[in-house]
Amino acid sequence: MRMRARAAAALTMTAAALLSGPSAQADALEYVAMGDSAAAGPLIPHQNINLACLRSDRNYPAVAAKALGASLRDVTCSGATTADFAGRRLGFIAPQFDTLKPSTDLVSVTIGANDSGLFQQALSCINLLPEPVGLSCADRLTAGGRDQLAAAVDAWAPKFGAALDEIRARSPKARIVVTGYGTYIRPQGCHPVQPVWARDGRYLQSVMDRISAVARGQAQQRGARFVDFAAVTLGHDICAAPAQRYLEGLIPTSPAAPLHPNAQGMAAFGKAIVAAARG
């Protein structure tokens, strides 16, 4: 009887091992993360050995994949534009579209800020002294009644829509989750803690909100889910106390790139992605 019991136990353990082995791994959710530095997590420890993309193993795709038990292919890359989905970034980084497969179950996308030139222009909005000692970037970028950044965002909209169509064509069964960008600065600003005049801060945030609104609209037209990072970061902007920030200011107080999410922010974003993925 003891030998039979031992044999039965051995068979049970073998079956359990088989179920938790390659076949179970093959059934794992296939998740592809695409996008720019707001998803990649530049300077958040630990960085991928391929430093060309400044990608963290604690970014929101990694957080979400762990919670979902998913198999992650993370091709997010700092500095990426929508053109890098189909083209080689820096001439040698493979197109992000190449990672998509017919078997892909979940795709997250964060893109648009670099297409508009917003991050590059934000640095020109620094004014160490209060108004009126200095120049307003909002005045410069809207001179002559033409809002340069708003026009760039509007021109990007059909390109982003086409990118979403390509994702759907390559991964027809995937749930596509599109994100916006965060609430970086509150309306009244916090000069001189963050050396940006309040009206320039409002202008920059309005452009960020415009990018998110376009992303939301293009996503909804195609049946994709939209995750509002602006709501997630409300009260956790660059003016918040350092311990409360999800987004770092011009001089980071935790390991992260200036004007980018920190590890705490990525954890919150990952939680929001998981909720969208699960429906």
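For the structure itself, look to the data block above.
On a predicted model such as this, the values are computed, not experimentally measured, just so you know.

> Would you explain the packing of helix α4 (residues 60-68) against helix α12 (residues 263-278) in this entry?
For any two helices packed against each other, the geometry comes down to the angle between their axes and how far apart the axes lie. Where α4 contacts α12, the axes come no closer than 8 Å and their chain directions differ by 50°. Taken together, the axis directions place α4 and α12 in an arrangement best described as oblique. Where α4 crosses over α12, the two elements pack in a sense that is right-handed. In contact with Tyr60, Val63, Ala64, Ala67 and Leu68 of α4, α12 contributes Met266, Ala267, Phe269, Gly270, Ile273, Val274, Ala277 and Arg278.

> Please clarify how empty space enclosed by the protein should be interpreted in this entry.
Picture a little ball the size of a water molecule; that probe, rolled over the atoms, points out where space is still empty. Counted according to the given criterion, the structure contains two cavities of 30 Å³ or more. Roughly 190 Å³ of internal volume is contained in the largest cavity. Looking at the largest cavity, it is lined by 13 residues, and the ones nearest its centre are Ala122, Tyr184, Leu204, Ile238 and Leu259. Sorting the residues of the lining of the largest cavity by element identifies α7 (118-122) and α10 (198-221) as the ones contributing at least two each. Counting residues per element, the lining of the largest cavity draws most heavily on α10, which supplies four residues. In this model, the second largest cavity occupies a volume close to 40 Å³. Looking at the lining of the second largest cavity residue by residue, the classes come out as seven nonpolar, three polar and no charged.

> How should the pattern of salt bridges be read in this particular structure?
Two side chains carrying opposite charge are able to pair once their charged atoms lie near each other. In this structure the tally under the stated criterion is 11 salt bridges. Where aspartate 84 meets arginine 89, a salt bridge forms, and the shortest distance between an N and an O atom there is 3.5 Å. Classification of arginine 89 by relative accessible area gives buried; the value is 18%. Across the pair arginine 199 and glutamate 131 runs a salt bridge whose closest N-O atoms are separated by 2.9 Å. With arginine 199 in helix α10 and glutamate 131 in the loop between α7 and α8 (137-141), this pair connects stretches of sequence that are 68 residues apart. Accessibility expressed as a relative area gives 29% for arginine 199, which makes it partly exposed. Judged by its relative accessible area of 42%, glutamate 131 falls in the partly exposed class. One salt-bridge network, in which partners are shared between bridges, spans Glu131, Asp139 and Arg199.

Rules of the game
- Residues numbered from 1 in each chain as written.
- Predicted model: local features only at pLDDT ≥ 70, side-chain atom pairs only at ≥ 80, totals over all residues.
- Heavy atoms only, no water.
- Axes fitted to C-alpha atoms, helices over the stretch in contact; angles between N-to-C directions.
- Helix = DSSP H or I, 4+ residues; strand = E, 2+ residues; numbered from the N terminus.
- Parallel < 35°, antiparallel > 145°, perpendicular 65-115°, else oblique.
- Left-handed = near helix turned anticlockwise from the far one by under 90°.
- Contact = heavy atoms within 4.5 Å.
- 1 Å grid on protein atoms, 1.4 Å probe; cavity = no way out; pocket = protein on both sides within 12 Å on 5 of 7 lines; lining within 4 Å.
- Points joined across faces, edges and corners; volume = space filled by probe spheres on them.
- Nonpolar A, V, L, I, M, F, W, Y, C, P; charged D, E, K, R; others polar.
- Salt bridge = Lys/Arg side-chain N within 4 Å of Asp/Glu carboxyl O.
- Buried < 20%, exposed > 50% of the residue type's maximum accessible area, 1.4 Å probe, protein only.

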